[in-house]
Amino acid sequence: MIVDVPDGRDPIEYVWGEMVPGIGPAAAGLSLAVYEHTTLGLREFEAARLRIAQINGCVFCLDWRTERDGEKVEESFAEAVEQWRTTDAFDDRTRLAAEFAERYAIDHHGIDQDFWDRMSTHYTDAEIVELSMCLGSWLAFGRLNHVLGLDTACVLPSRR
C-alpha cells in the first residue's frame, strides 16, 4: 500500500473516510449510488463495469460481481467481456456497454458519430448519461484504489 494506514484500521474506511473527510465520503457516496440507483440491466451494467476493471487492473473490481435480487452474471461473463468484439454471449446493448467502457477509458477522443448513432439505437439519452456517470465512477475509483494499493484490501463501504 502506498499510504500509511494505522494498525488495525480498515484501509478503505481510513483512506476514503478519514484522510480526506471533505472529499472521501462524497466519493464513496457516488461509488455506492451507481449500484443503488442504476436503471441499467445487470448484463450491460456488469459488462461496462468489468471492462473498466480489466483496463484499470483493480484486483477487487475484477473479483467483484454485482448481485441484484439474488442474481449475478454467469462465471464465464468476465472472459466474454474481454472478448466483447467477438463473443456470442452478448446482445447489442451488452456489447455496446463493453465497447463504450473501453472507449471511455482509453480513447474518449476517438468516440465518433457512428458510435453515438449505434448507442442511440439501443439506449435512451438518460441511459447514456447514466452509463457515462457509472463509467466515470469506476474509472476514477478503481484506478485510485489500484494506484494507492488499496485494491487488495478493498471492500465497498457500508452506508451508515
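Residues numbered from 1 in each chain as written. Predicted model: local features only at pLDDT ≥ 70, side-chain atom pairs only at ≥ 80, totals over all residues. Heavy atoms only, no water.

Q: What am I meant to see in unusual backbone geometry here?
A: A negative phi angle characterises most non-glycine residues, just as the trans form characterises most peptide bonds. In this structure, Asp 69 is a non-glycine residue whose phi angle is positive, near 50°. Along the chain, the position of Asp 69 falls in the loop between α4 (59-63) and α5 (77-82). (Helix = DSSP H or I, 4+ residues; strand = E, 2+ residues; numbered from the N terminus.)

Q: Even after reading the chapter, I still don't get the nonpolar core, so can you show me in this structure?
A: Generally speaking, soluble globular proteins have nonpolar side chains that are buried together. One finds Met 119, Leu 131, Leu 135 and Trp 138 to be the most contacted residues of the largest nonpolar core, which totals 31 residues. Where this core is concerned, the elements lending two or more residues are α3 (42-56), α5, α6 (92-106), α7 (113-122) and α8 (125-147). Once residues lying within four places of it in the same chain are set aside, the contact partners of Met 119 are Leu 96, Phe 100, Ile 128 and Leu 131. Core analysis: the second largest hydrophobic core is formed by 10 residues, Val 3, Val 5, Tyr 14 and Leu 150 among them. (Core = buried A, V, L, I, M, F, W, Y, C linked by side-chain atoms within 4.5 Å. Buried < 20%, exposed > 50% of the residue type's maximum accessible area, 1.4 Å probe, protein only. Contact = heavy atoms within 4.5 Å.)

Q: What should I look at first to understand α3 in this one?
A: In an α-helix there are 3.6 residues to a turn, and that puts residues three or four apart on one side. With 15 residues, α3 extends 21 Å between its outermost C-alpha atoms, agreeing within 8% with the 21 Å of an ideal straight helix rising 1.5 Å per residue. With 13 of its 15 residues buried, α3 lies for the most part within the structure. Directly beyond the C-terminal end of α3, a positive phi value near 80° is found at Gly 57. (Expected span 1.5 Å × (residues − 1).)

Q: Hey, could you run me through the side chain of Glu 46 in this one?
A: With respect to the element layout, Glu 46 can be found in helix α3. According to the relative accessible area criterion, Glu 46 is buried, its value standing at 0%. A polar contact of 2.6 Å, which involves the side chain of Glu 46, links it to the side chain of Thr 66. Apart from residues lying up to four places away in sequence, Glu 46 is in contact with Trp 64, Arg 65, Thr 66, Val 73 and Phe 77. (Polar contact = N/O pair within 3.5 Å; in protein donor to acceptor, adjacent residues only side chain to side chain.)

Read these as spatial facts, not as claims about activity.
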